[in-house]
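Coordinates in review
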Amino acid sequence: ALLIYTSPGNPLGHVAVYVGNNLVFSTDLLQSGSVYIGSADKIESGGWNFTYIGWADPYSQGGLW
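The structure reproduced in this document is the subject of the present report. Just so it is clear, the structure is predicted and the values come from calculations on it, not from any experiment. (Residues numbered from 1 in each chain as written. Predicted model: local features only at pLDDT ≥ 70, side-chain atom pairs only at ≥ 80, totals over all residues. Heavy atoms only, no water.)

Where nonpolar side chains cluster on the molecular surface, the patch consists of Val17, Val19, Leu23, Phe25, Val35 and Ile37 and spans about 490 Å² of accessible area. For the nonpolar patch, the secondary-structure elements that each account for two or more residues are strand S2 (10-20), strand S3 (23-27) and strand S4 (35-39). Looking at the secondary structure, you find Ile37 in strand S4. For Ile37, a relative accessible area of 51% corresponds to the exposed category. (Patch = residues over 30% accessible without salt bridge, like charges linked within 9 Å, V, L, I, M, F, W, Y side chains within 5 Å. Areas by Shrake-Rupley, 256 points an atom, 1.4 Å probe, with all protein chains shown as cover. Salt bridge = Lys/Arg side-chain N within 4 Å of Asp/Glu carboxyl O. Helix = DSSP H or I, 4+ residues; strand = E, 2+ residues; numbered from the N terminus. Buried < 20%, exposed > 50% of the residue type's maximum accessible area, 1.4 Å probe, protein only.)

Once that is clear, we can look at the sheet that holds S2. On the basis of which strands lie adjacent, the open sheet formed by five strands has the order S4-S3-S2-S1-S5 and antiparallel pairing. Both edges of this open sheet fall to S4 and strand S5 (51-56), since each of them pairs with a single strand only. Between one strand axis and the next, the sheet turns by 35 degrees as a mean value, whatever way the strands run. Judged from the five bridges that link them, strand S1 (residues 2-7) and S2 form a sheet pairing that is antiparallel. From the neighbouring strand, Leu3 faces S2, where its bridge partner is Ala16. (Pairing = 2+ DSSP bridges. Axes fitted to C-alpha atoms, helices over the stretch in contact; angles between N-to-C directions.)

As structure tokens, this is what we get:
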């Protein structure tokens, strides 16, 4: 699933890919400019303080986005 977040001052927020067991594939999760797999909790805390607003299925009518 694609997890969607907003943040203060940035209504576009952030999107992360959920990989299971509370883990996400995301940019800048542990270090700026890098891509990591880490705890989804870090997006809502740990300096980010983004607000989870929902999820989306990564499939569209025509197949994978």
